[in-house]
Amino acid sequence: MTRIGILGGSFNPAHRGHRAITLAAIDALALDAAWWLVSPGNPLKDAARDMAPLPARLASARAMARRAPIRATDIETRLHTRYTLDTIRKLKRRHPKNRFIWLMGADNLAEFHRWKNWRQIAREVPIAVIARPGYDGRALAAPAMGWLRRFQRRTDHAKSWTTWRLPALVLLRFRPDPTSATGLRAENPLWFRHVAGPPDRSSMSPGR
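Everything numeric in this text was worked out from a predicted model, so none of it was measured.

(A) Region of the structure containing the overall build of the protein. The helix and strand inventory of the protein stands at nine helices and seven strands. Scored against the burial criterion, the 208 residues of the protein give a buried share of 49%. For the protein, the accessible surface area stands at approximately 10900 Å², while carbon and sulfur atoms represent 50% of it.

What follows is the structure, encoded as C-alpha cells:
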C-alpha cells in the first residue's frame, strides 16, 4: 500500500508555499509521496482572465517539485475529468494499491460547499485541511465545515488516516508561508513566458 496525498489546483504559478505545505503534510500524514494535479481548468475560475496556459503552469509545478517526493502531473487532462469527484474515482480505479488523501488549504474549505458533489468527495477519500493565514475563520464557519465537523479527527491521529471510516477530516497547522500566486502574478503578469518547456514524459503518469 502506497500512501499518496493529492493537492489539486491551478498552480498559476506554483510557488514555495505549495512546496512547503506539501512537504509538511507528507511528514504529518506519513505519506510516501504527494501528487500535484495541475488543473486544465477550474470550474470555479472559468471567468479568470489571468490564467496561464496549462503547459506553463505544469512546467512551473515540476520545477518547484524538484528533489522532493512530489510529482506534478496533468493527468486530469488525460483522464478527461473536469470535477474533483470524477478525478478521484478514476485515480482509485487506476491505482487500486494506493491509498489517497485529499489535501486542501483553508481557503478551499471555505468554498468547498460550491464544489460539485462535495459531500460525495468526502465519502470517497479522507480530507486534510491545511490552515492558511486570513482564511481560517471563514473556513471554520463555512457551510461545508458545518457538515464535516462531526467527522473531524484529532490532529495527533493524523498518521493513522488510512484506518479512518469515511467521511473523515483532519485540520493541520504549519508555519505559514506568505507567498501567494496572486501576489506573484501581480509582480510579473507575464511570468508564464519564461517557464514553459517541452513535456517531461517521465512524470506524465503518477505512480508509474
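(B) Looking closely at the sheet that holds strand β5 (residues 127-130). Read across the sheet, seven strands follow the order β3-β2-β1-β4-β5-β7-β6 without closing on themselves; strand pairing throughout is parallel. With one partner strand each, in any of the chains shown, β3 (70-73) and β6 (152-153) form the two edges of the open sheet. One ladder, built from four bridges, connects strand β2 (residues 33-38) with β3; its direction is parallel. What sits directly across from tryptophan 36, in β3, is alanine 72. Seen against the sheet, helix α1 (residues 16-29) touches β1 (2-9), β2, β3, β4 (98-105), β5 and β7 (169-172) and runs at an angle of roughly 140 degrees to β2.

(C) Structural view of the side chain of asparagine 98. Its location among the elements puts asparagine 98 in strand β4. Excluding residues that lie within four positions of it along the chain, asparagine 98 makes contacts with Thr2, Ile4 and Trp35.

(D) Here's a closer look at the pairing of β1. Of the pairings in the sheet, the one linking β1 to β4 comprises six bridges and is parallel in character. The residue of β4 that forms the bridge with isoleucine 4 is phenylalanine 100. Note: β1 against β2, six bridges, orientation parallel. Within β2, the position partnered with isoleucine 6 by the bridge is tryptophan 35.

(E) How the structure looks around helix α4 (residues 84-94). Taken together, the buried positions of α4 are Thr84, Leu85, Thr87, Ile88 and Leu91. The buried residues of α4 all sit within an arc of 160 degrees when viewed along its axis, so they share a single face. Contacts from the buried residues of α4 go to β1, β2, α3 (75-79), β4 and α6 (118-124).

(F) How the structure looks around unusual backbone geometry. Omega for the peptide link from asparagine 12 to proline 13 comes to 5 degrees, which places this bond in the cis form. For proline 13, the location among the structural elements is in the loop between β1 and α1. Put simply, leucine 166 and proline 167 share a cis peptide bond, and its omega is 0 degrees. Relative to the helices and strands, proline 167 is located in the loop between β6 and β7. Residue alanine 30 is not a glycine yet carries a positive backbone phi of 55 degrees. Tracing the backbone shows alanine 30 in the loop between α1 and β2. Its identity as a non-glycine residue notwithstanding, arginine 67 has a phi of 60 degrees, on the positive side.

The rules we used
Residues numbered from 1 in each chain as written. Predicted model: local features only at pLDDT ≥ 70, side-chain atom pairs only at ≥ 80, totals over all residues. Heavy atoms only, no water. Helix = DSSP H or I, 4+ residues; strand = E, 2+ residues; numbered from the N terminus. Buried < 20%, exposed > 50% of the residue type's maximum accessible area, 1.4 Å probe, protein only. Areas by Shrake-Rupley, 256 points an atom, 1.4 Å probe, with all protein chains shown as cover. Pairing = 2+ DSSP bridges. Contact = heavy atoms within 4.5 Å. Axes fitted to C-alpha atoms, helices over the stretch in contact; angles between N-to-C directions. Arc of directions from axis to C-beta.

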